[in-house]
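# Understanding the architecture of this molecule
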Amino acid sequence: MNEIICPNCKRAFKVDEAGFADILKQVRDHKFEEELKIRLNIADKEKESAVKLAEANVRNSVQELLAKKDNELTELKAQNELALSENLNKKEAEITQLKAKMENVEVEKKLAVNEAVQKVEKERDNLTNDLKTKELEKQNLESSLKQQFTTELQNKDAIIKYKDDEIARVKDMKLKLSTKMLGETLEQHCEIEFNKLRATAFQRAYFEKDNDSKSGSKGDFIFRETDLEENEIISIMFEMKNEGDETATKKKNEDFFKELDKDRTEKKCEYAVLVSLLETESEYYNSGIVDVSHKYSKMYVIRPQFFIPIITLLRNAAMNSMQYKSELALVRSQNVDITNFEEKMDKFKEGFAKNYDLASRKFKEAIDGIDKTIKELEKTKLALLSSENNLRLANNKTEDLTIKKLTHGNPTMKAKFDELNNQ
């Protein structure tokens, strides 16, 4: 960085190498204009002086010769008029020689004028070439700056596009999290996720498509599980709903509650679960496992990432309930006090509620983290757009730099450019 002191306000300010070079260029251009003006004035004066000098020399020579000859003629007439005829031819010859000399002097005058004019024209041509060189340098600089601005703008566009893609990706990750539904439908995804655990965690479970449409409607999948005595532990009617961005009419989750409850009742399932990608921006449905039993009994709405967790939670609750029910039946058959059973049941309910609340809060923390990431990416996008705008303004200023503005207030340079345009 270079430090420069303003000659007017006496304040110091710093400029980088590019700014310093620009200021130096302006100073040099100003000196170049002054030098050009001085040299043109000198050339004009030299030309005028040369012409005047040549004219004066010729005039003096002629006057001197004429005066001398007049004297000689007067003397000759006074001495002898008789000798006049003899010397007449001689004088005529001399006069002829004088005329020849005068003609030679005129030629020399013209040659001197032409030489002076050629010298001035040569200097003018040199100045014209210098101006053309400066103009070419300016055009090259403009071309280089435009290319640089274009490249930087293209890079900014690429970065902004990358940030937009990253925001879209993070928003999609917020919705799907770990579902990895590449090339899969929502039903296929759920079926694949279940089959991954069927052999280990759900050996006695039934999970198949609901193909029974005798009642006029059917769900997507039915989950049932029994114990070793073939007693049903739990049954769930699943409905999967997905909707692309191109869908003209957006559906809501609540639009499917009534039909899902009807399918659950007709197929004699204990629970109803809607696995949904609808209402993607809803914080209510994005918060975790949503219990809508206040509208329809034992009904839940979940995102795809909670498909296995909802089965596990309801299944474990049902298995614990079966265990306590068996114990209660045994106790009642033996007329034993059931106080301990009620305490265990209360502990189970408290534990289930605590785990459910913890899972919901952890999921909300993950969503909040993703929201923060999206906000940071959007800030970066705004900063890049602001940078792009400044580059655009700089490019406009470069394009607005014209010969007319460069020569404004400078009659010498304006005259030279006008002379070039007229050639």
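As the structure is a prediction and not an experimental result, all values here were calculated from the model. (Residues numbered from 1 in each chain as written. Predicted model: local features only at pLDDT ≥ 70, side-chain atom pairs only at ≥ 80, totals over all residues. Heavy atoms only, no water.)

### Regarding the packing of aromatic side chains
The way to describe two aromatic rings as a pair is by their centre distance and the angle between their planes. Under the counting rule described, the total for this entry stands at 11 aromatic pairs. Ring geometry for Phe257 versus Tyr296: centroids 6.4 Å apart, planes at 75°, classification edge-to-face. With Phe257 in helix α4 (residues 257-266) and Tyr296 in the loop between β7 (290-291) and β8 (299-302), this pair connects stretches of sequence that are 39 residues apart. With relative accessibility at 1%, the residue Phe257 sits in the buried group. Every member of this aromatic cluster is reached through a ring pair, and the members are Phe194, Phe202, Phe207, Phe221, Phe223, Phe238 and Phe307. Above the ring of Phe221, the side-chain terminus of Lys209 is found at 5.3 Å from the ring centroid. (Phe/Tyr/Trp six-rings, centres within 6.5 Å; stacked < 30°, edge-to-face > 60°. Helix = DSSP H or I, 4+ residues; strand = E, 2+ residues; numbered from the N terminus. Buried < 20%, exposed > 50% of the residue type's maximum accessible area, 1.4 Å probe, protein only. Lys NZ or Arg CZ within 6 Å of the ring centre and 35° of its normal.)

### As for the environment of Ile42
As for its position among the elements, Ile42 is in helix α1 (residues 17-79). By relative accessible area, which is 42% here, Ile42 ends up partly exposed.

### Description of α4
Every buried residue of α4 is listed here: Phe257, Leu260, Asp261, Asp263 and Arg264. All buried residues of α4 project into a common sector of 160° when viewed along the axis, lining one side. Where α4 is buried, its residues touch β5 (232-241), β6 (271-276), α5 (283-286) and β8. Positive phi shows up at Lys268, right after α4, with a value of about 55°. (Arc of directions from axis to C-beta. Contact = heavy atoms within 4.5 Å.)

### Let's talk about unusual backbone geometry
Its identity is not glycine, yet Glu279 carries a phi of approximately 50°, on the positive side. Here Glu279 shows up in the loop between β6 and α5. Classification of Glu279 as partly exposed rests on a relative accessible area of 26%. Despite not being glycine, Lys298 shows a phi value in the positive range, around 50°. Assignment of secondary structure puts Lys298 in the loop between β7 and β8. Classification of Lys298 by relative accessible area gives partly exposed; the value is 34%.

### As for the pattern of salt bridges
In this structure the tally under the stated criterion is 11 salt bridges. For Lys196, the salt bridge goes to Glu193, with nearest N and O atoms at 3.1 Å. Here Glu193 and Lys196 lie together in helix α3 (residues 186-201), a separation of 3 residues that amounts to about one turn. Lys196 gets classed as exposed once you look at its relative accessible area, which sits at 56%. Given a relative accessible area of 23%, Glu193 falls into the partly exposed group. Between Lys267 and Asp210 there is a salt bridge, with the nearest N and O atoms lying 2.7 Å from each other. In this pair, Lys267 sits in the loop between α4 and β6 while Asp210 sits in the loop between β3 (205-209) and β4 (221-226), placing the two residues 57 residues apart along the sequence. (Salt bridge = Lys/Arg side-chain N within 4 Å of Asp/Glu carboxyl O.)

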